[in-house]
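# Structural overview
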Amino acid sequence: MAAGGGRHSALYSAAGAAVTVVDISPAMLELDRTVCSRYQFEVRLSQASMISLPMLYDNEFDLVIHP
């Protein structure tokens, strides 16, 4: 949630996690896309507000991080 420009998504991907990034800012999502692409990490990116997350499902995640 509000992933902070690519740092966290790449770190968790490198550790072997399946990562989903949700951010309201297209610019921040683009930073995640760029960083993860550089290292060939697969990351699911969604532009949305944390107030409404219809693209996510109950019990879909083991951990949610909001740096």
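Look above for the structure.
Note that this is a predicted model, so its numbers are computed, not measured.

How each quantity is defined
Residues numbered from 1 in each chain as written. Predicted model: local features only at pLDDT ≥ 70, side-chain atom pairs only at ≥ 80, totals over all residues. Heavy atoms only, no water. Helix = DSSP H or I, 4+ residues; strand = E, 2+ residues; numbered from the N terminus. Rg over C-alpha atoms; globule rule 2.2 N^0.38 Å. Buried < 20%, exposed > 50% of the residue type's maximum accessible area, 1.4 Å probe, protein only. Patch = residues over 30% accessible without salt bridge, like charges linked within 9 Å, V, L, I, M, F, W, Y side chains within 5 Å. Areas by Shrake-Rupley, 256 points an atom, 1.4 Å probe, with all protein chains shown as cover. Salt bridge = Lys/Arg side-chain N within 4 Å of Asp/Glu carboxyl O. Arc of directions from axis to C-beta. Contact = heavy atoms within 4.5 Å.

### Looking at the overall build of the chain
Counting its secondary structure elements, the chain contains 2 helices and 2 strands. Along the chain direction, N to C, the helices and strands of the chain fall in the order α-β-α-β. In terms of overall size, the chain behaves like a compact globule, its C-alpha atoms giving a radius of gyration of 11 Å where 67 residues would be expected to give roughly 11 Å. Overall, the chain is about 30 × 25 × 20 Å in size when its C-alpha atoms are taken along their principal axes. The buried share of the chain, reckoned over its 67 residues, is 27%.

### Concerning a nonpolar patch on the surface
Taken together, the side chains of Leu11, Tyr12, Leu63 and Ile65 make up a nonpolar region of the molecular surface, amounting to roughly 390 Å² of accessible area. If you trace the backbone, Leu63 turns up in the segment after strand E2 (43–47). The class of Leu63 is exposed, set by a relative accessible area of 62%.

### Description of helix H1 (residues 7–14)
Along H1, the residues classified as buried are Ser9, Ala10 and Ser13. Seen along its axis, H1 keeps its buried residues to an arc of 95 degrees; they face one direction. Within H1, the exposed residues directed more than 90 degrees away from the buried face are Arg7 and Leu11. In the core, the buried residues of H1 are packed alongside strand E1 (19–23), helix H2 (26–38) and E2. Where H1 ends, the next residue or the one after it, Gly16, has phi of about 100 degrees, a positive value.

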